[in-house]
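Here is what each chain is made of, one letter per residue.
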Number of protein chains: 2
Amino acid sequence: MSSAQKTSILAVGSLAFDTIETPAGKAESVLGGSVNYFSIAASFYSPVEIVGVVGEDFPTKHLEWLSTRKIDTSGVQIAPGKTFHWAGSYDQNLNEARTLSTALNVFEHFNPHLSPSHRKSPYVFLANIDPVLQRRVLEQAREHRLVACDSMNFWITGKPEELRETLRHVDILSINEGEAYLLSGERNIMKAAQHIRALGPSVVVIKRGEYGAALFTQAGAFLAPAYPVESVVDPTGAGDSFAGAFMGYLAEAGADRTLAAKDPAHWELLLRRAVLAGCVMASFTVEDFSVHRLLRLTNEELVTRQRALMKMISLSE
Amino acid sequence: MSSAQKTSILAVGSLAFDTIETPAGKAESVLGGSVNYFSIAASFYSPVEIVGVVGEDFPTKHLEWLSTRKIDTSGVQIAPGKTFHWAGSYDQNLNEARTLSTALNVFEHFNPHLSPSHRKSPYVFLANIDPVLQRRVLEQAREHRLVACDSMNFWITGKPEELRETLRHVDILSINEGEAYLLSGERNIMKAAQHIRALGPSVVVIKRGEYGAALFTQAGAFLAPAYPVESVVDPTGAGDSFAGAFMGYLAEAGADRTLAAKDPAHWELLLRRAVLAGCVMASFTVEDFSVHRLLRLTNEELVTRQRALMKMISLSE
């Protein structure tokens, strides 16, 4: 495939072990990490290339499994030492995680270096890592046609200037509602989105946990509900798998910032559909610990639930 | 108008003074009460008759004002003593009120007695009052073709059996999310709705504050967002004005339980549109203290915002 035709997504972020406690139970050292969730979700729509670092304790079997899908794991470095390990818990309010411990391990010195092929990826997703590193990735991926990023409290308060510099260079920010309020200093979703769009990203997606997601663009707001699953086991990774399906959908459709300029109405429609794809993917993620549900997810299940969610927002008879 | 043609809504509940503190400011002894909010909201769509009790301190000017709209206030009794007075506050999380004090006053001995004309109302809304009284109203309003009710924590825990008895006789329950969880014993919206529908109401509307409302019927779920206002001044009355516009919309359309049987698809569509009408009305209510915003609301503003909300959930270019 020539670089002109390349439609893959480059995703840079963490691969991790997670130890998680939720009202539904406990999972010890299961596979987590932002690009783990992101890439599996995106791979239902489009090829993905992941860049990250794991320790020698990371199961190579899982990387092999990812490779059996449309996921290029050649950018995953295996470093001497242990894999990043996050421990967290959720109470009855499943919308917010409480961090119990964070062992960065090999992730502490993560410094993404892209291969010549990865530098040509038209779609780039900068998962929730140090904004300085996010920026460094962007400087290498010079052929990007659409860049999305995520962030969190830790960087918003710890590296505000660096984060603002990154935001000046991304098209899309995908962020949690609470973090959108923190970043903007507003406690109102319309004002927060307005504020953030003025920082750079022309598209802002605010994730609202069990209440869905809101999209803000030049065309206004689109308010999408979460697909209401009957049993939420573990919300970890919902946001990253949301972003994976969202970006995957756009990449599959060939939608990038040139479309935004050429045909704003169609761009808006694709963004809205991408948000719904994200909501549906996230709803599967939360049905089990780790990426377990995604690993056994079929295209048929995906399509069925997408139709069901469309029906839940429809006003036609 | 003969009783066969009557399309008015009978609403039974409270008229009150509210003293409210929110992050936006404080309001002392302003006009509140469930049927106050409900009737003004409903009157944008359909005639309303209210039944309640006030003390001698209640401004008759307000009752006169209501009468200038499509609101029949002949069922409002003026009793010796003081009007019901509620004091509450909201913190940054505007979704939940904290009650500071409740002085029932003349409301303590409220015992609704319907006039012969009120007994013929086809649409009945039982606002959040003692379920025993709700039941007593229903026994008098024998020609009802559609009954909706609301309730709250106080009755769910204090009079669970009486509330269940009322629920066996209503078509629609409109209730807050937290109260739906309390009533059902479930912490999941799908399961809660399923549980409540099995108690009697074939239609359950779960109000989610700034996240909108969810409708549950035989046809499944409909998930509607709140209209995102830029400045929430006071959430008091949002739920009652939601219910007012919801019932008003159905009454205006002539939709009742016979339609549910005759043309379920059309019934479902009208319910969904009624939910959106409710969301829009609630969004105006919260823009000011008391019923101030509703009193100056124009039909043009209502229609403009309805269109705006429709655009925010639309998937057509």
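Thresholds applied
- Residue numbers restart at each chain and count upward from 1, following the sequence in its written direction.
- For this description, chains carry letters from A and ligands carry numbers from 1, given in the order in which they are written.
- Residues qualify for local features only when their pLDDT is at least 70, as the model is predicted, and side-chain atom pairs are given and counted only at 80 or more; totals for whole chains, interfaces and linings, by contrast, use all residues.
- Only hydrogens and water are removed before side-chain values are computed, so all heavy atoms of the structure are retained for them.
- DSSP bridges decide pairing: two strands pair if at least two such bridges lie between them.
- Here a helix means four or more residues in a row that DSSP labels H or I, a strand means two or more in a row labelled E, and each is numbered from the N terminus.
- Axis definition: a line fit to C-alpha positions, over the contact stretch in the case of helices; interaxial angles, taken between N-to-C directions, run 0 to 180 degrees.
- Residue contacts follow a heavy-atom distance rule, with two residues in contact if any of their heavy atoms lie within 4.5 Å.
- Polar contacts, as used here, are pairs of N or O atoms within 3.5 Å; protein pairs need one atom able to donate a hydrogen and one able to accept it. Residues neighboring in sequence count only if both atoms are side-chain atoms.
- Think of it in three bands: residues with accessible area under 20% of the maximum for their type are buried, residues over 50% are exposed, and the middle band is partly exposed, with areas taken using a 1.4 Å probe on protein chains only.

**Topic: the sheet that holds strand β5 (residues 71–78) of chain A**
Residue and element names in this part refer to chain A.
And step 1. A sheet is described by the order of its strands in space; here nine strands give the open sequence β5-β4-β1-β8-β9-β10-β11-β12-β13, paired in mixed fashion. Two strands close off the open sheet at either side, each with one partner strand: β5 and β13 (220–224). Strand-to-strand twist of the sheet, defined as the mean angle between neighbouring strand axes without regard to direction, takes the value 15°.
And step 2. Where strand β12 (residues 213–217) lies against β13, five bridges are found, and the strand directions are antiparallel. Note on β13: the bridge partner recorded for F216 is A221.
And step 3. Packing against the sheet, helix α10 (residues 264–285) makes contact with β9 (146–149), β11 (203–207), β12 and β13, and its axis sits at approximately 160° to β12.

**Focus on the environment of H85 of chain A**
All names here are of chain A.
And step 1. In this structure, H85 sits in strand β6 (residues 85–89).
And step 2. On a C-alpha basis, the gap between H85 and S29 in space is 7.6 Å, while along the polypeptide they are 56 residues apart.
And step 3. Apart from residues lying up to four places away in sequence, H85 is in contact with F17, D18, T19, S29, S101, T102, A103 and N105.
And step 4. In this structure the side chain of H85 is engaged in a polar contact, spanning 2.9 Å, whose partner is the side chain of T19.

**A short note on the pairing of strand β8 (residues 123–126) of chain A**
Residues and elements named next belong to chain A.
And step 1. Taking every second residue as pointing to the same face, both faces of β8 are buried, with Y123 and F125 on one and V124 and L126 on the other.
And step 2. One ladder, built from four bridges, connects strand β1 (residues 9–12) with β8; its direction is parallel. Note that in β8 the partner of A11 across the bridge is F125.
And step 3. By the bridge criterion, four bridges tie β8 to β9 in an arrangement that is parallel. Looking at β9, one finds that L126 is bridged to C149.

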